[in-house]
Amino acid sequence: MGDFASVRDASGAVVAEAHAAYGRVMHDGAGEDYEDDDAPGDSGAGDITEEYSDSHAYYDSDIYRQLAVAEDAGTAGGSRGAGAGGGADAGGGSSSNVGGMKSRKPKWYGTKKFGGLHYLRDIEIAGRLIVIEGPDASGRSTQIELLTTQLEAEGYAVLNTGLTRSEIIGQGILEAKRNISLGVRTLAMFYAADFADQLEHKIIPALQAGYVVLADRYIYTLMARNTVRGIRRSWSGNLYSFALVPDMTFYLDVDPYVLVHRVFAKRQSLDYYESGADMGISKNMYDSFIKYQQRLAREFGILEQKYDLNIINGNRPTDAINAGLKKQILRYLSKA
Amino acid sequence: MMSASSRPSAADGEHGAAGQAGAKKAEAARRRPRRGDVPGKLIVVEGIDGSGKSTQLLLLEKWLRYNMFEVFRTEWNSSDIVRSITSKGKKKEALTPTTFSLLHATDFADRFERHILPLLHAGYFVLADRYVYTAYARDVTRGCDPAWIRKVYDFAIKPDITFYFRVPLDTAMDRILSGRPKLKFYEAGADLNLSKDLYESFRIFQHRIVEQYEAMHKRESFVVMDATMPIHEQQMIMRSKVRKLLPKKLKKKTVLEVPGHV
């Protein structure tokens, strides 16, 4: 795993700064204001081909290798990304575009009192972080696949990340979830560890190198899951105060009754956790799925206000959703 | 981070005042457990490696068992489920301060949810060899935000007594390093690049941890133990403190010393 080691070396250097005096990078408030101007689509019911396996395809991709090499080459800055992106599949125009995004200090969640990663407070990032949130079978992965191709065609180097994909911890969570006796807080903490690992080893290095990071889910899903299982919102909010504030976040809002049919169209069975079966809502898995997804959707309604999520009507066909997302994201990146 | 109640939520708007009150009530029901909620007693020992705290906790356990109390002893970083993952990360030396911290928090959460809290509810004496204070000391030494780490662990119940074993660094180092054991990477704080020499790194790391303990002992109301005193004398002090937690009629009957080799 030479690639992984080189990324770690980069972070090892960062760790060395851990003892510098405490200082904080604050979340300095409002991001850009995005309007949802999705054009209505004319295609038929989109082919829902969401990828469910927690595949490491992206993780091991050439792009990731490039990233590791780029990280290895030295410290990140505004122009570093140009070198990294130039060799990626992104095509001829990539260098100028990627290099064109303004380098800046990252924004962290948290308050004046605490938050952010102390020991990374001096870093600069050139890339942009875009998050697609949404329930199981909402079409997130399909959208990310489409957007990845489209952004690369426009010359942006793209890195995909998702939950439970971290090298050290992701597999552990999947194993641990088979162990039903695991407590709610334990699982919540496990997910946080997995997220932190990906944030520090994948997302931040990629952003430093000037990549557009497309995240398939982010802290919001994890916080919503915690809340519906009885954990205080403030605890989850504090826990994830070390996270980066994304540049754009979209939430694919899909009616639970539509969702359930999409799930059945794919695999004829409901996932244990995505149905909230661990919560004992109902013995009927169908009922349990609907109620669980409704509770999550309600929680996202609360998160929307707190975290500036863009709600996208996910009941529409894939193409229509994609057209709107693509337009908004490209417009944002062209100004970035 | 804004608190959950600082802003009216979208869902509350839809459900009106009743929904808002409901959400507040639900959030209140999620409050951390308090000491008075459980009949059991939680006793914690803290201190650096080589301070003798584990020896003392074992003697305390024997005494409580001898007096027919139900006792459960739990050690830091000992949950089966989490251990394999943590050790995988440690082997690769790929843990950052935050992932290191969160994996230990996961381990703690597992022991807390499955053992510590249910056993306290059942009236047990729970004896913890290291508790959240170890995370406060170690993770802050590694560069984590002190306020953040306290928030992460704020679901933990406050101990009835926390004994802090204060020991001169040289004494502790002599106890641990006399056999020149092979130090592990994270144990020595080697991830902090304190020194090229692993033993020197370990020493600096332990020194910084002591500073953290010393900075928190008043606020956290530790019972400070002089860990240079003879083992038996330390144990008598601990037992006299723990006796105050026992039900009245048992206080007199409970023997202070364990006769023979129980």
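For the structure itself, look to the data block above.
Residues numbered from 1 in each chain as written. Chains lettered and ligands numbered in written order. Predicted model: local features only at pLDDT ≥ 70, side-chain atom pairs only at ≥ 80, totals over all residues. Heavy atoms only, no water.

**Q** Tell me about the packing of aromatic side chains, residues and numbers included.
**A** Residues and elements named next belong to chain B. For the structure shown, the criterion picks out 25 aromatic pairs over all chains. Between Trp76 and Phe108 the ring centres are 6.2 Å apart and the planes differ by 40 degrees, which places this aromatic pair in the tilted class. Of the two residues, Trp76 is situated in the loop between β2 (71–75) and α3 (80–92) and Phe108 in helix α4 (residues 97–121); the sequence distance between them amounts to 32 residues. Given a relative accessible area of 11%, Trp76 falls into the buried group. Among the residues examined, Phe108 registers a relative accessible area of 0% and is labelled buried. (Phe/Tyr/Trp six-rings, centres within 6.5 Å; stacked < 30°, edge-to-face > 60°. Helix = DSSP H or I, 4+ residues; strand = E, 2+ residues; numbered from the N terminus. Buried < 20%, exposed > 50% of the residue type's maximum accessible area, 1.4 Å probe, protein only.)

**Q** Requested: an account of the pairing of strand β1 (residues 128–133) of chain A, with residues and values cited.
**A** Along any regular strand, the residues point their side chains to alternate faces of the sheet. Residues and elements named next belong to chain A. With 6 of 6 residues buried, β1 is to be regarded as a mostly interior element. Judged by which residues are buried, β1 turns out to be covered on both faces: Arg128, Ile130 and Ile132 on one side and Leu129, Val131 and Glu133 on the other are all buried. In terms of strand pairing, β1 meets strand β3 (residues 212–216) through 5 bridges, oriented parallel. Paired with Ile132 across the bridge in β3 is Asp216. Bridge analysis of β1 against strand β4 (residues 248–253) gives 4 bridges, and the strand direction is parallel. Opposite Glu133, over in β4, you have Tyr251 as the bridge partner. (Pairing = 2+ DSSP bridges.)

**Q** Can you tell me about the sheet that holds strand β4 (residues 161–166) of chain B, naming the residues and giving the values?
**A** By definition, the strands of a sheet pair up through backbone hydrogen bonds, in either a parallel or an antiparallel sense. All names here are of chain B. The strand order across the open sheet formed by 5 strands is β2-β3-β1-β4-β5, and the pairing between neighbours is parallel. The outermost strands of the open sheet, each flanked by one partner alone, are β2 and β5 (223–226). For this sheet, the mean angle separating the axes of adjacent strands, direction not counted, is 20 degrees. Relative to strand β3 (residues 125–129), strand β1 (residues 41–46) is paired through 5 bridges, and the arrangement is parallel. Directly across from Lys41, in β3, lies its bridge partner Phe125. On the sheet, helix α2 (residues 53–66) packs against β1, β2, β3 and β4 and is oriented at approximately 165 degrees with respect to β3. (Axes fitted to C-alpha atoms, helices over the stretch in contact; angles between N-to-C directions. Contact = heavy atoms within 4.5 Å.)

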